[in-house]
Amino acid sequence: MSLNSAQRQAVAEISSPLLVLAGAGSGKTRVITEKIAHLLKSGYQAEHIYAITFTNKAAREMRERVAKLVSREAAEPLTVCTFHALGLKLLQIEHAAAGLRRGFSVLDADDALNLFKELAPKGLKNDALFALRNLVGKAKDDGLSPDEAIKAARSPREMEAASIYAMYQRRLSNFNAVDFDDLIYLPARMLEEDAELRTRWQGRIRYLLMDEYQDTNRAQYRMVRHLVGPRGAFTAVGDDDQSIYSWRGANPENLNDLARDFPSLKVVKLEQNYRCSSRILRAANTLIAHNPHLFEKKLWSAHADGDPIRVLACRDEEHEAERAAAAIAHRQAQTKARWHDFAILYRGNHQARALEKALRLVSVPYHVSGGTAFFERVEIKDVLAYLRLLCNPDDDSAFLRAVQVPKREIGTTTLEKLALLAGSQHISLLRAAERIDVQKQLASRPGAALMQFAEMLERWRRAGQSLDAGALVARVIEESGYELHIQATVKEPLAVAYRKENLQELVQWMRDNGKGRDALADLQAQLALLSHSARDEPGNAVRLSTLHAAKGLEFNHVWLVGLEDGTLPHEGGINEGRLEEERRLMYVAITRAKETLTISYAEHKRKFGDIERQKPSRFIDELPAAEIEREGDDPERDAEQRRERAGAHLANLAAMLGKL
DNA sequence: ACGATTTTCAGCATC
DNA sequence: TGAAAATCGT
C-alpha cells in the first residue's frame, strides 16, 4: 500500500524542522521508517541518522521494520534507541567531561530509591518521602545543579530537598555512578555548557527522528534542542491527544515550544485513521472534542460504520468480568477469531484480578501485560551487581548486593564495621575490603571471607583482559557459586530452570553485543536499561492490559471495563486539571479497537472494605448517543430491548418490502 | 536470623 | 478488603 499525501509530505520534508501530528492509527511508525529509507536515499549516511523512542520495545520494533524496508546491512549502522540509551552512549564517550571514570555504574530505580532513603530524614512517612523525592526529581528535570537548586529554593521544603539533592549527587559521584535521570540531565548540561562537545555531537547526529514526542519531559527537550542545534534537522512525531504520562513528568507543552524555538518549523497532520471502524472513530472524536486543543485535527476513517458500540451495565465487578469472559468465549467460538484479537482494558492493575478469575473459569487463555513487579528478575540483578563491581570498584551499592548473595558468612555487623572503616578513610567498601589493615580490624572469619571475595573479583578482572564479555560473565556466574545458590534456595525445579535460562540469556546477550576490548564496561551499564527480554511474548491469548500499557497496540475486539466515575476518570484526576488527561486515556482506549468496542461498568463495587454504589462514568455521556447501544443487566429488560429491536427490524423490512 | 503479628496503604509504571 | 511492609518476639 502506498503512502497518502500527508504521509508523503512528512517523509519528504527534510530541509526544515518538522513536527508530525499523528492521530491514533494514522501510520506514524510507517512514516518514521519510510523517512529513514528516504534519508538514506537522499545521501544521509546511516551512522548519522538517529531515531529515538521511549521504550526498548518501540526501539526494537522500529529497528525490525526499518531492516525490512531497506536491507539488514543498510540498517545496521543506524542508531535506533531510547532517550536514555542515547544519553548513556554520550556519557560513555564523554565520561571525562562528566567527571566519571570508565566503567561507571547505572543505578536502577531500586538502588536509587534506597540511596535516597538513606539520605532523607529518618522516620518520614511514605508520601512525604516521595514528595521530597519528586522535588529532587523536578530540580533535575529543570536542569538545575545542586548548587543552583539551593539558590533557587523558595521554601523550607525546597531547601531541604535541595540539600538532600546535593548529598545524593555527591554520593553518586563517590560511587562513580549515575541514576536514570542523570542519563538525560548530565548530557543536556554538558551539551549546554561545552561548545566544542556540542559541535562534535551535532556533527555526529545529522538527522534526528523522535517518536511519541508528547511524552518528552523538559530535560529531554533540552537535550534534544542542543543535539539538533540551530540547523534543526529533525522530525518529531507526536499526538497531544495521546499524552497520558504527565504524571511522570511528560510535558505536552513541548509540542508548542518546538514552534517557538524553531521558527521555520513545518507542521504536517496525519488525519486518516487506518485502524478503527468509522463508528468507533466518531465516538473517539466526539469524546476528545470535550478537551481544549492546541492543534485542531479531524481524524477520519475510510472504513465502514461497523457494529454499534455497546454499553453494558453490570451488577458488580465479578458480574462484569463474567460477562466479558462469556462474550469473548462466545464470539471466539462463533467467528473462529484468534485469541490475540481480543483485549480487555482497564484503568488500574487491581482490576485484572476479577477478569483473570472469570477467564480461567471459561478456559480462555489470557496474558496480563504491564504490571511492574511481576518479572523482577533477581538473578539478573544479582549477577549485574557482580559485573558492576567488576567494572567499578567504587560502586558500594553493587558491593552490598554482591557480597551477600550467595551467602558467604558476611552479615550486617561485619558490613557495618567495614562501612565505618571505609568512611573514615574515604574509600569505597571494596577498596577497604582489599586492605590488609582493614581486615585486621575485623574478626578473623569475616575478615578472611572479605579477603576471599576481593581476591575473587581481582582474579576476574585479570581474566577479563583476555576473555570476551560473554565468556567472562559465564565464568562469574560459575565461580561466584551463583548457580549452586539458585539450586539451594529456589524450591521448585521449574523456577530453577527458568532462572538458569535467564542467566544463559544474559550470557548470550553479552556474546552478541560484546565486540572489542573493554566491552564489559559499556555493556554492564546498558544492561541496567534493559527491562524485559525479547522473549516472554504474549502469544495467542486474550490480552489483559492497563490503559497505559495498551498505548501503541491494536485489537479487533476491545472490552473496556470499569467505566465508573472514580475509576475512569480516576478519583484523584476528577478535580484538578487532570480530568483532561483522564479523557485522553479514554480516547487512547477507544482507538485501540478496530472492529468492535464494548464498554461496561459496575453499579456496585467494594471499596476499602464496604460496598459502594457507583455512578457510570461521565465519559459515557460524552460519547455520541447515536453510535451506542445500551444494555442493562436485567434479563427482562434486555429481552424486552431485543424484542423491540427485532420488532423495529421487522417493521423496517416490511417497509422496504412495501416499497418494492 | 527468622517467622508471626500488626500496621499501613490503596493510580498509571518507562528507563 | 487484602497484600505488603514494618515491627515484634523468641
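Not measured: the values here are computed from a predicted model.

> Explain helix H24 (residues 482-489) to me, using residue names and the numbers behind them.
When H24 is considered as a whole, its buried residues turn out to be Tyr482, His485 and Ile486. Projected down its long axis, H24 shows its buried positions confined to an angular sector of 100 degrees, all on one face. Turned more than 90 degrees away from the buried face of H24 sit Leu484 and Ala488, all of them exposed. As for H24, its buried residues are in contact with helix H17 (378-391), helix H23 (469-479) and helix H25 (493-513).

> Before we move on, can you summarise the protein's contact with DNA strand B with the specific residues and values?
Residues in close proximity to DNA strand B total 21 residues, the closest being Asn56, Arg347, Asn349, Thr546 and Arg578. Backbone atoms, meaning sugar and phosphate, form 46% of the atoms of DNA strand B found within 4 Å of the protein. Contact distances for DNA strand B include 2.6 Å between a phosphate oxygen and a backbone N or O atom of Asn56. Contact between DNA strand B and His570: a sugar or linking oxygen at 3.3 Å from a side-chain N or O atom of the residue. Tallied by class, residues from the surface near DNA strand B come to six nonpolar, eleven polar and four charged.

> Please give an account of the packing of H17 against helix H26 (residues 519-527) that cites residues and values.
At a closest axis distance of 9 Å, the pairing of H17 and H26 adopts a crossing angle of 140 degrees. Taken together, the axes of H17 and H26 are oblique relative to one another. In the packing of H17 onto H26, the handedness of the crossing is left-handed. Residue-level contacts link Leu384, Leu387, Arg388, Leu390 and Cys391 of H17 to Leu520, Ala521, Gln524 and Leu527 of H26.

> I'd like a rundown of helix H10 (residues 182-193), residues and numbers included.
With twelve residues, H10 ought to run about 16 Å at 1.5 Å a step, and its terminal C-alpha atoms sit 16 Å apart, in line with that. Summarising burial for H10: ten of the twelve residues are buried, a large majority. Along H10, the residues that are buried comprise Asp182, Leu183, Ile184, Tyr185, Leu186, Pro187, Ala188, Arg189, Met190 and Leu191.

> Outline the nonpolar core, listing residues and values.
Note that soluble globular proteins tend to have their nonpolar side chains buried in a common cluster. Residues Leu208, Met210, Phe234 and Leu258 are the most contacted members of the largest nonpolar core, which totals 62 residues. Setting aside residues up to four positions removed in sequence, Leu208 forms contacts with Tyr50, Ile52, Val224, Val228, Ala233, Phe234 and Thr235. Membership of the second largest hydrophobic core comes to 52 residues, among which are Val405, Phe453, Leu472 and Val476.

> Just give me the short version of the pattern of salt bridges, but keep the residues and values in it.
Enumeration over the complete set of coordinates arrives at 50 salt bridges. The shortest N-O distance in the salt bridge between Asp257 and Arg260 comes to 3.5 Å. Of this pair, Asp257 and Arg260 both sit in helix H13 (residues 254-261), three residues apart, roughly one helical turn. According to the relative accessible area criterion, Arg260 is exposed, its value standing at 55%. Residue Arg279 pairs with Glu627 through a salt bridge whose shortest N-O separation is 3.2 Å. Remark: Glu627 occurs in the loop between helix H30 (618-621) and strand E19 (628-631) and Arg279 occurs in helix H14 (residues 278-288); sequence separation between them is 348 residues. One continuous salt-bridge network, built from bridges that share partners, spans Lys28, Asp211, Glu212, Asp215 and Lys551.

Parameters and conventions
Residues numbered from 1 in each chain as written. Chains lettered and ligands numbered in written order. Predicted model: local features only at pLDDT ≥ 70, side-chain atom pairs only at ≥ 80, totals over all residues. Heavy atoms only, no water. Buried < 20%, exposed > 50% of the residue type's maximum accessible area, 1.4 Å probe, protein only. Helix = DSSP H or I, 4+ residues; strand = E, 2+ residues; numbered from the N terminus. Arc of directions from axis to C-beta. Contact = heavy atoms within 4.5 Å. Near = heavy atom within 4 Å. Polar contact = N/O pair within 3.5 Å; in protein donor to acceptor, adjacent residues only side chain to side chain. Nonpolar A, V, L, I, M, F, W, Y, C, P; charged D, E, K, R; others polar. Axes fitted to C-alpha atoms, helices over the stretch in contact; angles between N-to-C directions. Parallel < 35°, antiparallel > 145°, perpendicular 65-115°, else oblique. Left-handed = near helix turned anticlockwise from the far one by under 90°. Expected span 1.5 Å × (residues − 1). Core = buried A, V, L, I, M, F, W, Y, C linked by side-chain atoms within 4.5 Å. Salt bridge = Lys/Arg side-chain N within 4 Å of Asp/Glu carboxyl O.

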